[in-house]
Amino acid sequence: MRYLSTRGQAPTQQFCDILLGGLAPDGGLYLPESYPEISDAELTAWRDLSYAELAFEILSRFIDDIPADDLRAICDKTYTAEVYCNTREGSDASRITPVTWLEAGEGENHRGGLGLLELSNGPTLAFKDMAMQLLGNLFEYVLDKRGQEINILGATSGDTGSAAEYAMRGKHGVRVFMLSPNGRMSAFQRAQMYSLQDENILNIAIEGMFDDAQDIVKAVSNDHAFKKQYKIGAVNSINWARVVAQVVYYFAGYFGATTSNDQQVDMAVPSGNFGNICAGHIARTMGLPIRKLVCATNENDVLDEFFRTGVYRPRTSAETHVTSSPSMDISKASNFERFVFDLVGRDGDRVRALWQQVESGGSFDLNETPFGAKVADFGFESGSSNHANRLETIRATRDAYGIVVDTHTADGLKVGREHRDDQAPMLVLETAQAAKFEETILEALGAPPPRPDGFDHLEALPQRVEVMPVDVNAVKDFIRKHAND
Ligand SMILES: *Cc1c(COP(=O)(O)O)cnc(C)c1O
């Protein structure tokens, strides 16, 4: 299996070669040359597999430059009930991503039902652990094989940074430099990251906003000599390995909600950078019987606008809202380019032309191309949610089912309900646990959310963080002093 760029002008590569990199040299994103098709017989055979076995079956369709036994061992080590142990009471941790029914619906196939696909049982209580834990093990494996080391540099406003740090802690050959905006994350998120004492994890709190931290990362990465000398790498959401790891739980969720392959499910996905739902699109293209993929946004509704109107219009930072579902606060959806590539018949020239418009500060309207009418063929629907909807959904869900959902999942539930019918169950992807967003839960319920075991005294643990001004050179000096070399 080789990988090509969505902009059509980069040489194809193998999986391990794109694993450690970011964008393709032509500015595009990598995708496989074709998607494997899964037969009915394979689907049936996969129903009874453990999550780790299922992950191996799916990943081995995309990865042919890691020997099968090694890939299997990596999957076995990644997807264990010990790592994904933070389940809701009554859920089965051995399933890794169990389904909780809020309303069971009709019969064995749960028609008309409403369920949560639990994706946030990992160490940082957000779905990013699902892919990042695999990435940590893949990085270590490939770097060991090649006798290489890497310094990961990133900026985070919360969930990505902690998921990356918990995935990379203690891994040989990997060092993480994670920039975060000083004093602007929740106390819980700060404690999660800064309490890590692993020698290869380095937290830098920038005295500015998330955008300032992001700009520093960009400036360092644009210094090509520095980047090369210090082997700077990234684990951001456009990383292909993260997307493909996420394909697995769409299959697992489907098997959790159905008993035979003639049943369909709908899935609602709280979306920001389009990485999660892009994996759903790929699963559906491979032949998984997903009827509708419902893209749920918050007040930052770039994606909802696209699916309603055919117009993709990224926002400026000034137009980007700071919301109570902060991990969906995006101005442009980086992984969206992957979907558009498929939508326009995998025509790299066309994608390049569309993104030229976007990158010069503009937008594009697919209705002006032959592809506007095609969007419906891909099963997408969409909607958006706001702060008041979120509070209302958190309250109503607690009152009706005794379950406390997080703010992002609440966006998914609100929009998912609007697109629900009696033909199929609606599974809402639960992307984080409420414990991470205590302030908003308090506002909604007047009481703090439950915390999984072991998180009770998180904020009291000693913290380790370097505070720095908004200064690229200060960050570079710090990397020089602490990098792997
Ligand atoms: C990252 C994140 C999202 C958005 O996922 P995308 O892949 O960027 O669309 C939604 N919810 C939570 C809790 C997240 O951490």
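Residues numbered from 1 in each chain as written. Predicted model: local features only at pLDDT ≥ 70, side-chain atom pairs only at ≥ 80, totals over all residues. Heavy atoms only, no water.

(A) Spatial organisation of the environment of Ile-38. Secondary-structure assignment places Ile-38 in the loop between β2 (30–32) and α2 (40–46). Leaving out residues up to four positions away in the same chain, Ile-38 has contacts with Leu-43, Trp-46, Arg-61, Phe-251 and Met-286. (Helix = DSSP H or I, 4+ residues; strand = E, 2+ residues; numbered from the N terminus. Contact = heavy atoms within 4.5 Å.)

(B) Just the sheet that holds strand β6 (residues 174–181), in detail. The five strands are arranged β8-β5-β6-β7-β15 in an open sheet whose pairing can be described as parallel. Unpaired on one side and paired on the other, β8 (232–233) and β15 (466–468) mark the two borders of the sheet. Two elements, strand β5 (residues 150–155) and β6, share six bridges in a ladder whose sense is parallel. Residue pairing across strands places Ala-155 opposite Leu-179, the latter belonging to β6. Its contacts with the sheet place helix α8 (residues 210–222) against β5, β6 and β7 (201–206), and it is angled at close to 145° to β5. (Pairing = 2+ DSSP bridges. Axes fitted to C-alpha atoms, helices over the stretch in contact; angles between N-to-C directions.)

(C) Layout of the site of the ligand. If you check the shell around the ligand, you find 15 residues, and the closest are Lys-128, Asp-159, Gly-272, Asn-273 and Asn-276. For the ligand, an oxygen atom lies 3.0 Å from a polar atom in the backbone of Phe-274. Between Asn-276 and the ligand, the recorded distance is 2.9 Å, taken from a backbone N or O atom to an oxygen atom. The fraction of the free accessible surface of the ligand (390 Å²) that becomes covered by protein chains is 97%. Tallied by class, residues from the shell around the ligand come to five nonpolar, eight polar and two charged. (Near = heavy atom within 4 Å. Polar contact = N/O pair within 3.5 Å; in protein donor to acceptor, adjacent residues only side chain to side chain. Areas by Shrake-Rupley, 256 points an atom, 1.4 Å probe, with all protein chains shown as cover. Nonpolar A, V, L, I, M, F, W, Y, C, P; charged D, E, K, R; others polar.)

(D) Structural view of helix α18 (residues 472–482). Among the residues of α18, Val-475, Lys-476, Phe-478 and Ile-479 are the ones counted as buried. Burial along α18 is one-sided: seen end-on, the buried residues are contained in an arc of 160°. Opposite the buried face of α18, by more than 90 degrees, sit the exposed residues Asn-473 and Lys-481. (Buried < 20%, exposed > 50% of the residue type's maximum accessible area, 1.4 Å probe, protein only. Arc of directions from axis to C-beta.)

(E) Molecular detail of the sheet that holds strand β14 (residues 426–430). One open sheet holds the six strands; their spatial order is β3-β4-β14-β9-β10-β13, and the pairing between them is mixed. The open sheet is flanked by β3 (99–103) and β13 (380–384), the only strands paired with a single partner. For this sheet, the mean angle separating the axes of adjacent strands, direction not counted, is 25°. The pairing of strand β9 (residues 265–270) with strand β10 (residues 290–297) spans five bridges and is parallel. Its bridge partner lying in β10, Ala-268 is registered against Val-294.

(F) View of the pattern of salt bridges. Tallied over the entire structure, the rule returns 33 salt bridges. Here Arg-175 ties to Glu-199 by a salt bridge, and the two come within 3.0 Å at their closest N and O atoms. Of this pair, Arg-175 sits in strand β6 while Glu-199 sits in the loop between α7 (187–194) and β7, placing them 24 residues apart in sequence. With a relative accessible area of 58%, Glu-199 lands in the exposed category. In this structure, the salt-bridge partner of Glu-438 is Arg-451, at a minimum N-O distance of 3.3 Å. Within this pair, whereas Glu-438 is found in helix α17 (residues 438–445), its partner Arg-451 is found in the loop between α17 and β15, the two being separated by 13 residues in sequence. (Salt bridge = Lys/Arg side-chain N within 4 Å of Asp/Glu carboxyl O.)

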